[in-house]
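Coordinates in review
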Amino acid sequence: MENKRKYLKWILISILGTVIVFLLYHSYEWKSLPYHSDEKSSPYHSDEKSSPYHVAYPRDYKFIMDDTPTCKTSTPFLVLMVPVAPSNVAARDAIRQMWGNEKIVLGQLIETLFVLGLPGGADAEQQQEKLRQESQQHHDLIQSNFLDSYYNLTIKTMVMLEWLAAHCTTASYAMKVDSDVLVHVENLVKLLLDPSTAKQNYMTGLVWWHSPVLRNPFAKFYMPGDVIAEPEYPPYPLGMAYIMSLDLPGKILSVSPQIRPIYIEDAYLGMCLKRLDISPTNPPENTMFLVNPTHPLSGCSLSKVIATTTTSIQQMTGYWKRSREPEARC
Ligand SMILES: *[C@@H]1O[C@H](CO)[C@@H](O)[C@H](O)[C@H]1NC(C)=O
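So, here is what we can say about the structure in this document. (Residues numbered from 1 in each chain as written. Predicted model: local features only at pLDDT ≥ 70, side-chain atom pairs only at ≥ 80, totals over all residues. Heavy atoms only, no water.)

**Considering the overall build of the protein**
Convention followed: Comment: elements are numbered from the N terminus, with helices defined as DSSP H or I runs of at least four residues and strands as E runs of at least two. Think of it in three bands: residues with accessible area under 20% of the maximum for their type are buried, residues over 50% are exposed, and the middle band is partly exposed, with areas taken using a 1.4 Å probe on protein chains only. Should any heavy atoms of two residues lie within 4.5 Å, those residues are considered in contact. Every accessible area reported is derived by Shrake-Rupley at a probe size of 1.4 Å, with residue values counting cover from the shown protein chains alone.
The helix and strand inventory of the protein stands at nine helices and eleven strands. Counting only residues that meet the buried cut, the protein has 49% of its 330 residues in that class. Considering only contacts in the protein between residues 6 or more positions apart, those separated by 24 or more positions represent 75%. On the protein, roughly 16800 Å² of surface is accessible, and the fraction owed to carbon and sulfur atoms is 56%.

**Considerations on unusual backbone geometry**
For the bond running from Tyr57 to Pro58, omega is 0 degrees, close enough to zero to count as cis. Within the secondary structure, Pro58 sits in the loop between α1 (2–31) and β1 (63–66). For the bond running from His295 to Pro296, omega is -5 degrees, close enough to zero to count as cis. Along the polypeptide, Pro296 turns up in the loop between β10 (289–290) and α8 (299–304). The backbone of Cys71 shows a phi angle near 70 degrees, a positive value even though the residue is not glycine. A positive phi is found at Asn292, a non-glycine position, where the angle reads about 45 degrees. Note on placement: Asn292 falls in the loop between β10 and α8.

**Description of the packing of aromatic side chains**
Given two aromatic rings, their pairing is described by the distance between the two centres and the angle made by the two planes. Note the threshold: For Phe, Tyr and Trp, rings pair up if their centres lie within 6.5 Å, where Trp contributes its six-membered ring, and each pair is then called stacked (planes under 30 degrees apart), edge-to-face (over 60) or tilted (otherwise).
On inspection of all chains with the given rule, the structure shows nine aromatic pairs. Ring centres of Tyr61 and Phe146 lie 5.8 Å apart, and the angle between their planes is 70 degrees; this geometry places the pair in the edge-to-face category. You can see Tyr61 sitting in the loop between α1 and β1 and its partner Phe146 sitting in strand β5 (residues 141–147), a full 85 residues away along the chain. Of the two residues, Tyr61 and Phe146, both sit in the buried class. Aromatic pair Phe77 and Tyr173: ring centres 5.7 Å apart, planes at 75 degrees, arrangement edge-to-face. One end of the pair, Phe77, is in the loop between β1 and β2 (78–83); the other, Tyr173, is in strand β6 (residues 173–177), and 96 residues separate them in sequence. On the accessibility criterion, Tyr173 (2% relative accessible area) is buried. Following the ring pairs from residue to residue traces out a cluster consisting of Tyr53, Tyr150, Tyr151, Tyr222 and Tyr263.

**Remarks on the packing of helix α4 (residues 153–167) against helix α7 (residues 265–276)**
Note the following rule: Simply put, an axis is a line fit to the C-alpha atoms, just over the touching stretch for a helix, and the angle between two N-to-C directions goes from 0 to 180 degrees. When an angle is under 35 degrees it counts as roughly parallel; over 145 it counts as roughly antiparallel; between 65 and 115 it counts as roughly perpendicular; any other value is oblique. Asp, Glu, Lys and Arg are counted as charged, while Ala, Val, Leu, Ile, Met, Phe, Trp, Tyr, Cys and Pro are counted as nonpolar; the rest, among them Gly, fall into the polar class.
Packing of α4 against α7 brings their axes to within 8 Å, and their N-to-C directions diverge by 50 degrees. Considering their axes alone, α4 and α7 lie oblique with respect to each other. Within the contact between the two elements, α4 uses Leu153, Thr154, Thr157, Met158 and Leu161 and α7 uses Glu265, Tyr268 and Leu269. Considered class by class, the residues forming the contact of α4 with α7 number five nonpolar, two polar and one charged.

Now the structure itself:
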């Protein structure tokens, strides 16, 4: 009798547990992303509202600020494109003084631009006014008219490619680099000038060859099976810093209408590359791209790096100075 009651109790607890897990899972799936559906429906994807894991692209987003001579009156060898939050003027100013200020390296012209969406929040108008002044002062801001937010990063990447395809086809390479990343411009230019570096269909960075599609609803980059059925994303270089030859923006844009954009920008580029039948390339050394390394980095590590994530502007500044000193050797 006692055993039977215990048994029943366990069955009840198990059923209850299963129901709770099920409910948690689904409520998370419904609420996890702050997706605001848009009244205008996309000409391409009429069902975009149904999934928070897709983003509203393609759309006819427009550049509302584009007051830069880069690629218009100059033909740089390399353009550094930095997506950054509109409010993050501190990072922009720091980059302008550091690697963003290295304009001629190994005889090559390098230019740095910042890519922004629209500021949000209550003080959006004041922020926009400040951006206008910043643009007048520095002529290095490119702003498109979508709402700048974490879940819109794929839109940011795609409008960046639109801009490059429209203006920079005579330049050789572009690197997309996050605003918390230190760039060793000389090492980067060395790699790009190397005869073994391809001039077309070239994309490199920290390549993830077998990035699993995360099915745990609590994971940062959760993706349900009805959005991506495959267990792995196609190979792609990690979003913190990737380099491409400038024939690629146009090619990627030409296939992107066939592939519904997901909110994970780098994995989405991997999906586009796969459609183009283009594979990313590993960098010649695995010391060149570092993501969340153990800090502080040694002078030796800094002398070999092309791009590494940093934890603060101060750290980036310190690394940048050290990487330019002659004693930063191994
Ligand atoms: C993304 O941008 C679009 C266009 O501005 C906007 O309607 C949407 O709310 C944004 N999504 C998020 C999650 O911010």
